Amino acid sequence: MVSSLLRARIAVLAFIAAAAPFAPAAAQTAPATDGIATVLQQIEKALLGGSLDGYLALVAPGANSEAAEAFAKPLFAGGMTKVTIRERDRQPLVGAVAGEGHRLLVEALFERGRSGRIVTWRLDVRRSREDEQRWFISGQEQISSLDGLSQLQLETARPFAARDLTITSIDFSLTLPKGRVYVAETAAGVTALVLVGNGTMRFSPGPAAERRQVRIFAGSETLEASFDTALVRLNPAEYAERVSSGALTATEGTEKDARGARAFFDSQIGQSFAIATDLSPGSNWSLTPGYGDFLAEVRTKKHGTLTVARSSSEAEDVTLFDRRRRRNIALYPSPQKLESRGRFYDEDDLADYDIQSYDVATTFNPDREWVEGRTTIALKVRAPSIGTLTLKLAESLAVQSIGSPQLGRLLFFRVVGQNSIIVSLPSMAFKDQQLSLTVTYAGRLGPQVLDREAIAVAPDQTQEFVSDFPLAQPERRYIYSNRAHWYPQAPVTDYATAMLRVTVPEDLACVGSGELTETRTVSTPIERGDTRWRQYTFHARRPLRYLACVISRFVGPHVLNVRMTTPSAESAATSVRSGSQAGAADTFVRLAVTSNPRQESRGRTFQERAAAMFQFYSGVAGDTPYPAFTLAVTESEVPGGHSPAYFAILNQPPVQSSLTWRNDPVNFESFPSFFLAHEIAHQWWGQAVGWQNYHEQWISEGFAQYFAALYCREERGADAFMSVLRQMRRWAVTYSNQGPISLGYRLGHIRGDSRAFRAVLYNKSAVVLDMLRRLVGDTAFFRGLRRLYFESRFRKAGTDDVRKAFEAESGETLDRFFDGWIFSSDLPTVRVDHQIVGGGSGGPVVRLVFQQEQPELFDVVFPLAVRYVSGASDTHEIRVRERRTEVTLPLKGQLRRVDPDPDRITLAQFK
């Protein structure tokens, strides 16, 4: 039923991060009172009075009375205390004379005491031939329903005394030796408890990576915190399982305890499972948690209010959340969830639908930070059946309408605080069904701050730049990309083709996702006045993960057609599978550079470098994913960039800046072009090849970082390459204790330390790839890269896909390699002992014994230098994959010492 689907969707959206109510979109208001409104009022009266005959009297003569009775009879179950009906949409009725018939979309709230139910109906109404002020119902259909709503009320007059009370969930418990407990009930039983007293909260996650995050937050792998008040939400059917038996006895309470419990309840009950609706203004309607779901809001003395939750519909269903700082402390799958979905998961597999294409027309007025847009989405249903669609769109953008050629005008709701819209379908949509939605919207929306998929240094906190001259302010630029939700899109990034039309004031210019196919002057789209406007049209014929644009004062573009002599995509993919050599083919990439005025000379110098990078990367990967690329050189206080498909933003500091940024993991002074090389590499890794969920973000950042290092070797030689690897390794070792590579955006998240994120996700990932290259050899490594790229192009990849690609080309078993380096935050310690033996006809040799000392075994590969008294040296590649590894090497002279990892590029400690 649609009701259960809608309930699940709301529960997911409002569970943790939202802390927000569910509300209908403000744009969908009922029309002024007229004859149709009178019909709706009469339906309300009939339902409240329990009069089925009153409803049937509203049915048009000659209409199907049996269908009308079958529709209405279940509504008259009795006991209703209030009925509220609102018209949400009105369209002409097909086949009726203009103005004589309408199809209504109607929403109704049925209240029985503190219980409620919301239904959506389609009503067809026709005007009476005898009395033009009178309307009759000619057809009716229920579209969806949301059942099980409650107006929860804390029973402060009936408190319980707690004695050794324990409430449990996965890896979590609340213990209250002595105190007061107040409950809130539904017809099914207790669904909420407020605990008052001196108790203990205990949270002890199972996964090692999550225990480490709890240690960073609380100083111990198990969080034990004193609390004075807690709110627990659970399904009534699980009360006996989660709440210790016999721990509560009825008692008398004090008004002071009751006031405190009521205040905490009122402040927290709207944070999750809450619905607000204009059908009942000011009322707090709540959904009952589904079976298996659990939530506790715990006011601790040391950490403020913490939220512990289990949401069984999520891929990672166990959460510890710090509400005050809005940070996830722990987020992981329960053992049951892990068993059902497996170790690896693709967020696309959890999606109800797949977007095939976008057609986006947007107007930006940067002075007012105002956006108006109209987006058409073509989608294909993935789930067996769905009754609702969830879209992401910035909350500040008011939706004016949502329509579909197949389904007509659609009813929709907002989940406040979630940048989400729930679209209610008039009938179930089934797997492989194709739909088109057009969304019209407008509102104030500021540009986004680059994060997660942007590389940028952090300014040093201990240094200042002193200048005798006035400091130039960076040129304003407005970025709307993957974090801004500036157009309607799927809840997760979704590969699709796109047409993008962006209109901006004529004194500004725009760079966007796709090939620029047209620019033209257009009439004022937002407001009357002297402002002239210009529209830019971009066409993305190859799939991309998300749309983006940057608006600023630009000069250029300067265009260069760059020849790429690489195998065609088809022949390269075939050669990877068959082991044959692919035939070369000449293709071209349209490379454009546009810059802020003060950066124009820098932009021109970047063009030749960018062209060389494209040629190098195409040779390595065997393909160029997108036929056009624009580099937008903009100004910012610190260097960095962002690289959506088809273009990249490269931040350049003004000539004089008040900030310094030398002490950062991604600032490579020995190779100033590193940021540019990294951003261009994202066209392959991060865009053409995406990542399946946030644990796999290293496939974007680590591969782009390593490609940049490889280009450094190509341009500047082996010494510069080693210098870059040394810096990456140094930062990776410094921050490895903050969590494994697989922690993604959560690295450094708890303490707000972005350096930890870059040191591990960017640099450690790149060093791991270099160790993989040395483990399997150059030939297998670069063939593995091509296999991974062609097998994953224009879709999302995971660590398992990476492993399989390199195993296929190398013949090696690499499970332990990826387990240790991607999913563990530990680093190996290797003890090295040596002994000189022999001296006969074969000459002396040195016998080396390598012993891994940490509990977990790693695959470690590193160079080892054998240094002689004469000053000469030999370098050997050593592979250590067991607890104890013995290697014998010939000596060419008198041994001075053995030096493991002489260049300091290996993620290991040597004794």
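Remember, predicted model here, so these are calculated numbers, not experimental data.

Draft legend 1. Region of the structure containing the overall build of the protein chain. Per the secondary structure count, the protein chain includes 17 helices and 45 strands. Expressed as a percentage of its 911 residues, the buried residues of the protein chain come to 58%. Partitioning the contacts of the protein chain with sequence separation of at least 6, the portion at a separation of at least 24 is 73%. A total of about 36400 Å² of accessible surface is found on the protein chain, and carbon and sulfur atoms cover 47% of it.

Draft legend 2. Structural context of the environment of R127. Assignment of secondary structure puts R127 in strand β4 (residues 115-127). The contact partners of R127, leaving out residues within four places of it in the chain, are G99, E100, E132, R134 and W135. A polar contact of 3.0 Å, which involves the side chain of R127, links it to the backbone oxygen of G99. Looking at R127, its side chain comes within polar contact range of the main-chain oxygen of E132, at 2.6 Å.

Draft legend 3. Main features of the confidence of the model for the protein chain. Per-residue confidence for the protein chain gives a mean pLDDT of 88, with 89% of residues at or over 70. Below pLDDT 50 for its whole length, residues 1-32 participates in 106 contacts with residues either more than four positions away or in separate chains. Contacts for the low-pLDDT stretch residues 568-584, under 50 throughout, to residues beyond four places or in other chains number 28 contacts.

Draft legend 4. Examining the nonpolar core more closely. One finds W486, Y617, W698 and F850 to be the most contacted residues of the largest nonpolar core, which totals 170 residues. The dominant element in this core, judged by the number of residues it contributes, is helix α14 (residues 754-776), at 14 residues. With 37 residues, the next largest nonpolar core counts A162, L248, A296 and V298 among its residues.

Draft legend 5. Structural view of the pattern of salt bridges. For the structure shown, the criterion picks out 56 salt bridges. In this structure, R122 engages D124 in a salt bridge whose closest nitrogen and oxygen atoms are separated by 2.8 Å. On the basis of relative accessibility, which here comes to 16%, the residue R122 falls in the buried class. Linking R299 and D228 is a salt bridge whose minimum nitrogen-to-oxygen distance equals 3.0 Å.

Draft legend 6. Fine view of the environment of G260. Tracing the backbone through its elements, the reader meets G260 in helix α7 (residues 255-268). Under the relative-accessibility criterion, G260 is labelled partly exposed at 36%. For the pair formed by G260 and T229, sequence separation is 31 residues and the distance between their alpha carbons is 8.6 Å.

Draft legend 7. Layout of the sheet that holds strand β2 (residues 82-92). Read from one edge of the open sheet, 6 strands run β2-β3-β4-β5-β12-β11, paired in antiparallel fashion. Strand pairing shows two members of the sheet lacking a second neighbour, β2 and β11 (274-275), which therefore form its edges. In terms of strand pairing, strand β5 (residues 135-150) meets strand β12 (residues 285-287) through 2 bridges, oriented antiparallel. Counted as the bridge partner of S150 is S286 from β12. Where helix α2 (residues 35-49) meets the sheet, its contacts fall on β2, β3 (101-112), β4 and β5, and the angle it forms with β2 comes to roughly 150°.

Draft legend 8. Structural context of the sheet that holds strand β26 (residues 477-480). On the basis of which strands lie adjacent, the open sheet formed by 3 strands has the order β26-β31-β28 and antiparallel pairing. In this open sheet, the two edge strands, each paired with only one partner strand, are β26 and β28 (509-512). The mean angle between the axes of side-by-side strands here comes to 15°, regardless of whether they run parallel or antiparallel. With 4 bridges connecting them, β28 and strand β31 (residues 549-552) associate as antiparallel partners. Within β31, the residue paired with G512 across the bridge is C549.

Draft legend 9. Just the packing of helix α10 (residues 600-621) against helix α11 (residues 674-681), in detail. Two numbers describe how α10 lies on α11: the axes approach to 10 Å, and their chain directions differ by 45°. Comparing their axes, α11 and α10 come out oblique. Helix-helix and strand crossings are classified by hand; for α10 and α11 the assignment is right-handed. Counting all contacts with α10, which are made through F606, R609, A610, M613, F614 and Y617, the residues of α11 involved are L676, A677, I680 and A681. The residue makeup of the contact of α10 with α11, split by class, is 9 nonpolar, no polar and 1 charged.

Draft legend 10. Representation of unusual backbone geometry in the model. Geometrically, the link from G556 to P557 is a cis peptide bond, its omega value of 10° lying close to zero. As for its placement among the helices and strands, P557 is situated in strand β32 (residues 555-567). Non-glycine residue D164 carries a positive phi angle of around 55°. Position of D164 relative to the elements: it lies in strand β6 (residues 160-169). For D901, which is not glycine, the phi torsion reads 50° and is therefore positive. One can find D901 in the loop between β44 (895-900) and β45 (909-910). We classify D901 as buried; its relative accessible area is 1%.

Draft legend 11. Structural detail: α2. For α2, spanning 15 residues, the distance from its first C-alpha to its last is 21 Å, which sits close to the expected 21 Å at 1.5 Å a residue. All of the buried residues in α2 are G35, I36, A37, V39, L40, I43, A46 and L47. Packing partners of the buried residues in α2 comprise α3 (52-56), β2, β3, β4 and β5. Near the N-terminus of α2, the side chain that reaches the backbone nitrogen of I36, with its oxygen 3.1 Å away, is that of D34. Positioned one or two residues after α2, G50 has a phi angle of 70°, which is positive.

Draft legend 12. How the structure looks around the side chain of S736. Mapping S736 onto the fold places it in the loop between α13 (718-735) and α14. By relative accessible area, which is 2% here, S736 ends up buried. At a separation of 2.7 Å, a polar atom in the side chain of S736 contacts the main-chain carbonyl oxygen of A732. With near-sequence residues (within four places) excluded, S736 lies in contact with V760, K764, S825 and L827.

What counts as what
Residues numbered from 1 in each chain as written. Predicted model: local features only at pLDDT ≥ 70, side-chain atom pairs only at ≥ 80, totals over all residues. Heavy atoms only, no water. Helix = DSSP H or I, 4+ residues; strand = E, 2+ residues; numbered from the N terminus. Buried < 20%, exposed > 50% of the residue type's maximum accessible area, 1.4 Å probe, protein only. Contact = heavy atoms within 4.5 Å. Areas by Shrake-Rupley, 256 points an atom, 1.4 Å probe, with all protein chains shown as cover. Polar contact = N/O pair within 3.5 Å; in protein donor to acceptor, adjacent residues only side chain to side chain. pLDDT = per-residue confidence, 0-100. Core = buried A, V, L, I, M, F, W, Y, C linked by side-chain atoms within 4.5 Å. Salt bridge = Lys/Arg side-chain N within 4 Å of Asp/Glu carboxyl O. Pairing = 2+ DSSP bridges. Axes fitted to C-alpha atoms, helices over the stretch in contact; angles between N-to-C directions. Parallel < 35°, antiparallel > 145°, perpendicular 65-115°, else oblique. Left-handed = near helix turned anticlockwise from the far one by under 90°. Nonpolar A, V, L, I, M, F, W, Y, C, P; charged D, E, K, R; others polar. Expected span 1.5 Å × (residues − 1).

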